[in-house]
Amino acid sequence: MTRLIIFGAGDVTHRYILPGVAELIADGSAPDDLRVIVVGRDDTDTSQLRAELRTSLDVDTLGEEAVERFLSIVERARADASDPEAVRAVIEGDGPLVVYLALPPSVFPEAIEALTAAGVPEGCRIVVEKPFGTDSASAMELNGQLHQLIPEDAVFRVDHFLGMKTAHDLLALRFANSVVEPLWNADHIERVEIVWDETISLVGRAGYYDGTGAARDMLQNHLLQLMCLTAMEPPHSLASDDLADRKVEVLRACRPWDDDPVAWSRRARYTAGSVDGNDVPAYVDEDDVDPELDTETLAEMRFEVDTPRWRGVPFLLRSGKALADDRHEITVHFRPATPVDWCNAATSPNVLRLSVEPTRVSLGVALTTDDTVFGLRSVELVHDQGGPAQSAYVVMLRDVIGGGNVLSVRDDEAVAAWQVIEPVLAAWHAGAVPLEEYAAGSTGRA
């Protein structure tokens, strides 16, 4: 690919995509003739964009030479992503092309329609940020639009969580370790928790977040992807379709615990409080928030994966903002060992923790407390990667530019993910699950 055209000049582009391209240049994996064009509707020009980037990039990490080369290939263009003529003017030219739609989900249909009318060059790849649609019906409609434009293997419904090292470590841990795989089932595992708790609050993202909420922003895509990797059967290979086949099997077997989305789900939003000593206003008092939308900032759902491997094991998915602590991890709780007379009955069962950010794997085991009294204690056997992990967006962008789509979500997978949480969202929409409140800086409970 010689051209990366990013439609959308917002938070995702500036915080993740452009720094990711800069890292690709720094590590030597970007094409030598790559050009990057950021397309927005305001009057920002190329010199202004480069000045902004110069102050925001980490020169010490990237190196001055890489930063200067990156700035030299970045341009700014003005266009409305829903205007076919404006889109045509931006994408016309020679050379293979990646079109990255870093836009609000509500704009995707119009942008894809404009690209279809404008005509994209042969071999074009299109990247779509999450969430893909607002429900299963809209996801199917988007799939239909994209399939009219380009082949499925040229569509990248990206989920950057799939580029995180923890996702790769999880596959290696499960399928490359004979100590682990025989125990990875309902006979030995009591429950699984997949949690993305954040101390960060709204931080000016109301334009996207309000009306989207924690369930659509985090659970429907990121956390369900991690659940799929945790629960899937061994894939035949690491080819994209083999991985997608296994993930779709999990999604189609997934349902609310006890088939009761009311009893086993929870939604809440934060009120005024303090996080790390900083005052945080109530969500409804944040700029550009519409209180009538009842947007949740914390979502919790419990599911069962109804397969022989996992039947009877609850999978808890939770994500919340403005909480007391950051917790980004997959926690696997093993069943207690069969007790013996000399064993302390209070010994905790084994717990395996895979921390997503930072990358860290730990296993709680029982060992003796001293040489004379055979009591037991829980200790941590820790693997810490050490040093900063490569950005998930770097991994994802390398995949896109290189033509692989292992880190992409397949068309049927995107629809199936919506179908998993739709019974819960329907119960919420009907008012069957009340919108609770929790203080910013708390554990997420009233």
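As a reminder, the structure under discussion sits directly above these lines.
Nothing here was measured: the structure is a model prediction, and the numbers come from that model.

**Q** Is there a simple way to explain helix α12 (residues 392-402) in this structure?
**A** In an α-helix, one turn spans 3.6 residues; hence positions three or four apart end up facing the same way. In terms of burial, α12 is largely enclosed, as nine of its eleven residues are buried. Burial in α12 covers these residues: Ala392, Tyr393, Val394, Val395, Met396, Leu397, Asp399, Val400 and Ile401. The elements touched by buried residues of α12 are α1 (11-26), β4 (97-101), β5 (125-128), β6 (155-157) and α8 (165-175). Positioned one or two residues after α12, Gly403 has a phi angle of 95°, which is positive.

**Q** Teacher, can you tell me more about empty space enclosed by the protein here?
**A** Empty pockets left among the atoms are what a rolling probe the size of a water molecule brings to light. Enumeration over the complete set of coordinates arrives at one cavity of 30 Å³ or more. Considering only enclosed or pocket space, the largest cavity measures out at about 140 Å³ in volume. In terms of lining residues, the largest cavity is bounded by 14 residues, among which Lys130, Phe132, Asn221, Val409 and Ala414 are the most central. Put simply, the parts of the chain that give the lining of the largest cavity at least two residues each are α10 (213-231) and α13 (411-429). The dominant element in the lining of the largest cavity, judged by the number of residues it contributes, is α10, at four residues. For the lining of the largest cavity, the per-class residue count stands at seven nonpolar, three polar and four charged.

**Q** What is the right way to look at unusual backbone geometry in this model?
**A** Glycine aside, residues mostly have negative phi, and peptide bonds are mostly found in the trans state. Geometrically, the link from Lys130 to Pro131 is a cis peptide bond, its omega value of -10° lying close to zero. Counting through the fold element by element, Pro131 comes out in the loop between β5 and α7 (136-149). If you check the backbone angles, Val203 has positive phi at about 40° while not being a glycine. Along the polypeptide, Val203 turns up in the loop between β7 (189-197) and α9 (206-209). One non-glycine residue, Asp288, lies in positive phi territory at about 70°.

**Q** What is the right way to look at the packing of aromatic side chains in this model?
**A** Describing an aromatic ring pair means giving the distance of the ring centres and the angle of the ring planes. Taken as a whole, this structure holds six aromatic pairs when the rule is applied. An angle of 65° between the planes, with centres 6.4 Å apart, marks the rings of Tyr270 and Tyr438 as edge-to-face. Separated by 168 residues along the polypeptide, Tyr270 in strand β9 (residues 265-271) and Tyr438 in strand β18 (residues 435-439) bring together distant segments of the chain. Here the two residues Tyr270 and Tyr438 agree in accessibility, since each one is buried. Cluster of aromatic residues (ring-pair linked, three or more members): Tyr209, Tyr270, Tyr283 and Tyr438.

**Q** Where do I start with the packing of α10 against α13 in this structure?
**A** When two helices pack together, their arrangement is given by the angle between the helix axes and the distance between those axes. In contact at an axis separation of 10 Å, α10 and α13 are set at 135° when each is read in the N-to-C sense. Classified by the angle between their axes, α10 and α13 sit oblique to one another. Crossing of α10 against α13: the hand is right-handed. Judged by residue contacts, Ala215, Arg216, Gln220, Leu224 and Gln225 of α10 engage Glu413, Ala414, Ala417, Trp418, Val420, Ile421, Leu425 and Trp428 from α13. Taken together, the residues that form the contact of α10 with α13 break down as nine nonpolar, two polar and two charged.

**Q** Would you explain the sheet that holds β5 in this entry?
**A** Strand pairing in a sheet relies on backbone hydrogen bonds, with the paired strands running either antiparallel or parallel. Taken together, the six strands give an open sheet; going across it, the order is β3-β2-β1-β4-β5-β6, and neighbouring strands pair in parallel fashion. Only two strands of the sheet have a single neighbouring strand rather than two, namely β3 (74-78) and β6. If you compare each strand with its neighbour and ignore which way they point, the axes differ by 20° on average. Where strand β2 (residues 35-40) meets β3, five bridges bridge the pair, whose relative direction is parallel. Residue pairing across strands places Val36 opposite Val74, the latter belonging to β3. On the sheet, helix α2 (residues 46-56) packs against β2 and β3 and is oriented at approximately 130° with respect to β3.

**Q** Any chance you could explain a negative patch on the surface here in plain terms?
**A** A cluster of acidic side chains, namely Asp80, Asp83, Glu110 and Glu113, defines a negative patch on the protein surface. Checked against the element boundaries, Asp80 lands in the loop between β3 and α5 (84-91).

**Q** Hey, could you run me through the side chain of Arg76 in this one?
**A** Mapped onto the fold, Arg76 is located in strand β3. Relative accessible area serves as the criterion here: at 12%, Arg76 is assigned to the buried category. A polar side-chain atom of Arg76 sits 2.6 Å from a polar atom in the side chain of Asp42.

**Q** I would appreciate a short explanation of the pairing of strand β15 (residues 351-355) in the present structure.
**A** For a regular strand, side chains alternate in direction, first toward one face of the sheet and then toward the other. Of all five residues making up β15, four are buried, and the element is well covered by its neighbours. Pairing between β15 and strand β16 (residues 360-368): five bridges, direction antiparallel. Within β16, the position partnered with Leu354 by the bridge is Val361.

**Q** Is there a simple way to think about the packing of α8 against α10 in this case?
**A** For the pair α8 and α10, the least separation of the axes is 9 Å and the interaxial angle reads 15°. Considered as vectors, α8 and α10 are oriented roughly parallel to each other. The interaxial crossing formed by α8 with α10 has right-handed handedness. Mapping the contact onto sequence places Ala167, Leu170, Leu171 and Arg174 in α8 and Leu226, Leu229, Thr230 and Ala231 in α10.

**Q** Would you mind going over the environment of Val107 with me for this structure?
**A** Positionally, Val107 belongs in the loop between β4 and α6 (108-118). Its relative accessible area of 23% is what places Val107 among the partly exposed residues. When the C-alpha atoms of Val107 and Ala81 are compared, they prove to be 8.2 Å apart, with 26 residues separating the residues in sequence.

Thresholds applied
Residues numbered from 1 in each chain as written. Predicted model: local features only at pLDDT ≥ 70, side-chain atom pairs only at ≥ 80, totals over all residues. Heavy atoms only, no water. Buried < 20%, exposed > 50% of the residue type's maximum accessible area, 1.4 Å probe, protein only. Helix = DSSP H or I, 4+ residues; strand = E, 2+ residues; numbered from the N terminus. Contact = heavy atoms within 4.5 Å. 1 Å grid on protein atoms, 1.4 Å probe; cavity = no way out; pocket = protein on both sides within 12 Å on 5 of 7 lines; lining within 4 Å. Points joined across faces, edges and corners; volume = space filled by probe spheres on them. Nonpolar A, V, L, I, M, F, W, Y, C, P; charged D, E, K, R; others polar. Phe/Tyr/Trp six-rings, centres within 6.5 Å; stacked < 30°, edge-to-face > 60°. Axes fitted to C-alpha atoms, helices over the stretch in contact; angles between N-to-C directions. Parallel < 35°, antiparallel > 145°, perpendicular 65-115°, else oblique. Left-handed = near helix turned anticlockwise from the far one by under 90°. Pairing = 2+ DSSP bridges. Patch = residues over 30% accessible without salt bridge, like charges linked within 9 Å, V, L, I, M, F, W, Y side chains within 5 Å. Areas by Shrake-Rupley, 256 points an atom, 1.4 Å probe, with all protein chains shown as cover. Salt bridge = Lys/Arg side-chain N within 4 Å of Asp/Glu carboxyl O. Lys, Arg positive; Asp, Glu negative; His and termini not counted. Charge placed at Lys NZ, Arg CZ, Asp CG, Glu CD. Polar contact = N/O pair within 3.5 Å; in protein donor to acceptor, adjacent residues only side chain to side chain.

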